Amino acid sequence: MSSLQVAIVGYGLAGSVFHAPLIAAQPRMRVTAVVTASPERTEQARREHPGVRVVPNPEALFADIADIDLVVVATPNRTHAPLARQVLDAGLPVVVDKPFAVSVAEGEDLIARAERAGVALSVFQNRRWDGDFLTVRRLIADGRLGDVRRFESRFERWRPVPKGGWREVGSADEGAGLLFDLGSHLIDQAVTLFGPVRSAYGELDRRRPGIQTDDDAFVALTHTSGVRSHLWMSAVTPRLGPRFRVLGSESGYVTYGLDPQEEALRSGRRPDDGDRAWGTVEPERWGVLGAEPAVEPVPTLAGDYPAFYSGMAAAILDGAPVPVDPRDAVTTLRLLDAARLSASRGETVTN
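So, how was this worked out
- Residues numbered from 1 in each chain as written.
- Predicted model: local features only at pLDDT ≥ 70, side-chain atom pairs only at ≥ 80, totals over all residues.
- Heavy atoms only, no water.
- 1 Å grid on protein atoms, 1.4 Å probe; cavity = no way out; pocket = protein on both sides within 12 Å on 5 of 7 lines; lining within 4 Å.
- Points joined across faces, edges and corners; volume = space filled by probe spheres on them.
- Nonpolar A, V, L, I, M, F, W, Y, C, P; charged D, E, K, R; others polar.
- Helix = DSSP H or I, 4+ residues; strand = E, 2+ residues; numbered from the N terminus.
- Expected span 1.5 Å × (residues − 1).
- Polar contact = N/O pair within 3.5 Å; in protein donor to acceptor, adjacent residues only side chain to side chain.
- Pairing = 2+ DSSP bridges.
- Axes fitted to C-alpha atoms, helices over the stretch in contact; angles between N-to-C directions.
- Salt bridge = Lys/Arg side-chain N within 4 Å of Asp/Glu carboxyl O.
- Contact = heavy atoms within 4.5 Å.
- Parallel < 35°, antiparallel > 145°, perpendicular 65-115°, else oblique.
- Left-handed = near helix turned anticlockwise from the far one by under 90°.
- Phe/Tyr/Trp six-rings, centres within 6.5 Å; stacked < 30°, edge-to-face > 60°.
- Buried < 20%, exposed > 50% of the residue type's maximum accessible area, 1.4 Å probe, protein only.
- Lys NZ or Arg CZ within 6 Å of the ring centre and 35° of its normal.

Engineer: For this particular structure, what's the right way to read empty space enclosed by the protein?
Structural biologist: Empty pockets left among the atoms are what a rolling probe the size of a water molecule brings to light. If you walk through the whole model with that rule in mind, you get two cavities of 30 Å³ or more. Counted as a void, the largest cavity has a volume near 80 Å³. For the largest cavity, the full set of lining residues is G131, D132, T255, Y256, G257, L258, D259, P260, V281, R285 and T300. Split by residue class, the lining of the largest cavity holds four nonpolar, four polar and three charged. Each pocket or cavity is described by its volume, and for the second largest cavity that value is around 40 Å³.

Engineer: Looking at this model, I keep getting lost on helix α12 (residues 326–345). Mind explaining?
Structural biologist: For an α-helix, the turn length of 3.6 residues means that residues three or four places apart are oriented alike. Here α12 spans 29 Å end to end across 20 residues, near enough to the 28 Å set by a 1.5 Å rise per residue. Between the side-chain oxygen at the start of α12 and the backbone nitrogen of R327 there is a gap of 2.8 Å, and the oxygen is on D325. Directly beyond the C-terminal end of α12, a positive phi value near 75° is found at G346.

Engineer: What exactly am I supposed to notice about the sheet that holds strand β1 (residues 4–9) here?
Structural biologist: The six strands are arranged β3-β2-β1-β4-β5-β6 in an open sheet whose pairing can be described as parallel. The open sheet is flanked by β3 (53–55) and β6 (121–124), the only strands paired with a single partner. When the angles between neighbouring strand axes are averaged without regard to direction, this sheet yields 25°. The pairing of β1 with strand β2 (residues 29–35) spans six bridges and is classified as parallel. Bridging across to β2, L4 finds its partner in M29.

Engineer: Even after reading the chapter, I still don't get the pattern of salt bridges, so can you show me in this structure?
Structural biologist: Close approach of charged atoms allows side chains of opposite charge to pair. This structure, assessed with the given rule, holds 23 salt bridges. As a salt-bridge pair, E108 and R334 come within 2.5 Å of each other at their nearest N and O atoms. Residue E108 is found in helix α5 (residues 104–117), and its partner R334 is found in helix α12; the two are separated by 226 residues along the sequence.

Engineer: Please clarify how the sheet that holds strand β13 (residues 287–291) should be interpreted in this entry.
Structural biologist: Working definition: the strands of a sheet are paired by backbone hydrogen bonds and lie parallel or antiparallel to each other. With mixed pairing, the nine strands of this open sheet are ordered in space as β14-β13-β12-β11-β7-β10-β9-β8-β15. Of all strands in the sheet, those bounded by a partner on one side alone are β14 (294–298) and β15 (349–350). Relative to β14, β13 is paired through five bridges, and the arrangement is antiparallel. Across the sheet, A291 pairs through a bridge with A294, a residue of β14. Helix-sheet contacts for helix α9 (residues 183–194) involve β7 (148–156), β8 (197–205), β9 (216–223), β10 (228–234) and β11 (244–248), and the interaxial angle to β7 is about 160°.

Engineer: What exactly am I supposed to notice about the packing of α9 against α12 here?
Structural biologist: Each pair of packed helices can be described by the angle between their axes along with the distance between the axes. At a closest axis distance of 9 Å, the pairing of α9 and α12 adopts a crossing angle of 115°. The angle between α9 and α12 falls in the class roughly perpendicular. Seen along the crossing, α9 lies across α12 with a hand that is right-handed. Contacts between α9 and α12 involve G183, S184, I187, D188 and V191 on the former and, on the latter, T331, T332, L335 and L336. The residue inventory of the contact of α9 with α12, partitioned by class, reads four nonpolar, four polar and one charged.

Engineer: Would you mind showing me how to read the environment of A314 here?
Structural biologist: Position of A314 among the secondary structure elements: in helix α11 (residues 306–318). Expressed as a C-alpha distance, the spacing of A314 and R28, which sit 286 residues apart in the sequence, is 9.0 Å. For A314, the residues in contact, after removing those within four places along its chain, are R28, G319 and A320.

Engineer: Honestly, the packing of aromatic side chains in this entry has me stumped. Any pointers?
Structural biologist: Given two aromatic rings, their pairing is described by the distance between the two centres and the angle made by the two planes. Counted according to the given criterion, the structure contains seven aromatic pairs. Judged by centre distance (6.1 Å) and plane angle (75°), the rings of W129 and F308 are edge-to-face. Linking W129 in the loop between β6 and α6 (131–141) with F308 in helix α11, this pair joins segments that are 179 residues apart in sequence. A relative accessible area of 0% means that F308 is categorised as buried. Following the ring pairs from residue to residue traces out a cluster consisting of F124, W129, F308 and Y309. The ring centre of W232 lies 3.9 Å from the NZ or CZ of R154, which sits over that ring.

Engineer: What exactly am I supposed to notice about the layout of surface pockets here?
Structural biologist: Reported here for the largest pocket is a volume of approximately 1,400 Å³. Surrounding the largest pocket, 49 residues form its lining, L13, R157, R159, D181 and R266 being those nearest its centre. Only α1 (13–25), β7, α7 (166–169), α8 (178–181) and α10 (261–266) provide two or more residues apiece to the lining of the largest pocket. Among the residues forming the lining of the largest pocket, the class breakdown is 17 nonpolar, 12 polar and 20 charged. Taken as a whole, the second largest pocket encloses approximately 270 Å³ of empty space. Together, 14 residues line the second largest pocket, and P260, R269, R276, T280 and E282 are the ones closest to its centre. In terms of residue class, the lining of the second largest pocket is made up of five nonpolar, four polar and five charged.

Spelled out as C-alpha cells, the structure:
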C-alpha cells in the first residue's frame with residue numbers, strides 16, 4: 001500500500017477546513033469518502049475533491065468500508081468517542097479531532113480498543129505545529145530564556161453576540177464550552193512544553209445571555225517542574241492579550257496574534273498550492289525576546305500543520321509512532337476535569 005484512502009466523517013468547519021485540505025496535500029493520502037447529510041456540504045465536497053464518495057451518515061460508510069484505510073472523525077464533540085469506537089471495532093486506524101472524548105473513561109476505552117485491534121489511533125492537536133508554539137519550544141530548548149518560571153497562553157476573541165451553535169448552547173457533558181474547545185489546545189501545549197502537572201485551578205463563567213456553558217475561562221497549572229502555566233480562553237475579550245508571554249530567569253518572550261495557517265485554510269488556500277511559503281509570519285508580526293529595556297525581534301518559525309498527516313501516513317505505512325499519542329489526550333482530559341472540579345469548589349485541586 002503506497003497511498004491511503006481516507007474517509008472524513010463530518011464536513012463542517014473541522015472536516016472541510018482543517019482536515020480535508022491537509023489530507024489532500026499529503027502525497028501519500030487521498031480524500032476518498034466524506035460523510036455529510038447537508039446538500040450544500042455534499043456539493044462542496046464533490047467540488048473540492050473530484051471523485052469523492054459522499055454518504056449521508058456513518059452507517060452508510062460502515063456498510064461499505066472495504067476501500068478505506070483511515071477514518072477521520074470531525075463531528076461534534078459528544079460523538080467523537082462513539083464514532084471512533086465503531087471505526088476501531090471495524091479494524092481501521094482513526095484520527096479523532098480534539099477533544100479526544102468527553103470523559104477520561106471514553107478516552108481510555110478507545111486506547112484499549114486500538115491496542116486490541118492493532119491499529120493506529122491519534123488525536124488532531126494541530127496547534128502543536130503553530131509557528132509561535134514551535135518558536136517558544138525552540139527558545140526553551142536553546143536555553144535563551146534561562147529557567148522558565150511562568151508560561152502565559154491565550155486564545156481570546158471578541159464575540160459579544162453568540163452565534164447559537166452547539167458549542168454555545170450545548171452542555172458541558174456534551175463537550176460544549178470554551179474549556180473543551182480551546183482549553184484542549186492550551187492545556188496540551190502547556191503539558192507538551194513543561195510536563196506533568198501537580199495541581200490545577202479553574203475559573204469558568206457564562207458572560208453572554210443564552211449561553212449554557214462557559215464562554216470565559218481561566219486555568220492555572222502548577223507543573224511538577226515548578227513552572228506555572230496560566231491559560232486564558234474567552235469569547236468576551238474586548239482587548240486581546242498576548243498569544244504567549246513566557247518569563248524565564250534570563251529573559252522573556254512575548255508574541256501577539258494567531259498563527260496564520262488557520263486564516264489561510266479558511267480562505268481556501270492549501271499547503272501544496274505553491275502560491276507562497278506555507279505558515280510563514282511577516283517580520284512585523286514577530287515576537288520579541290529579552291529583558292527590559294533590551295529586547296529584540298525573534299523570527300517566528302514557519303507553522304507546519306501538514307506535519308500531522310505526514311506523521312499519520314508514516315505511522316500507518318512505515319510503522320512510525322503516531323504524531324500525537326492518545327495518552328497525551330487522556331492527560332488533557334484529566335486536567336480539563338480537574339479545572340472543572342476546581343471551578344465548582346473554588347479551590348485548587350491536586351492532580
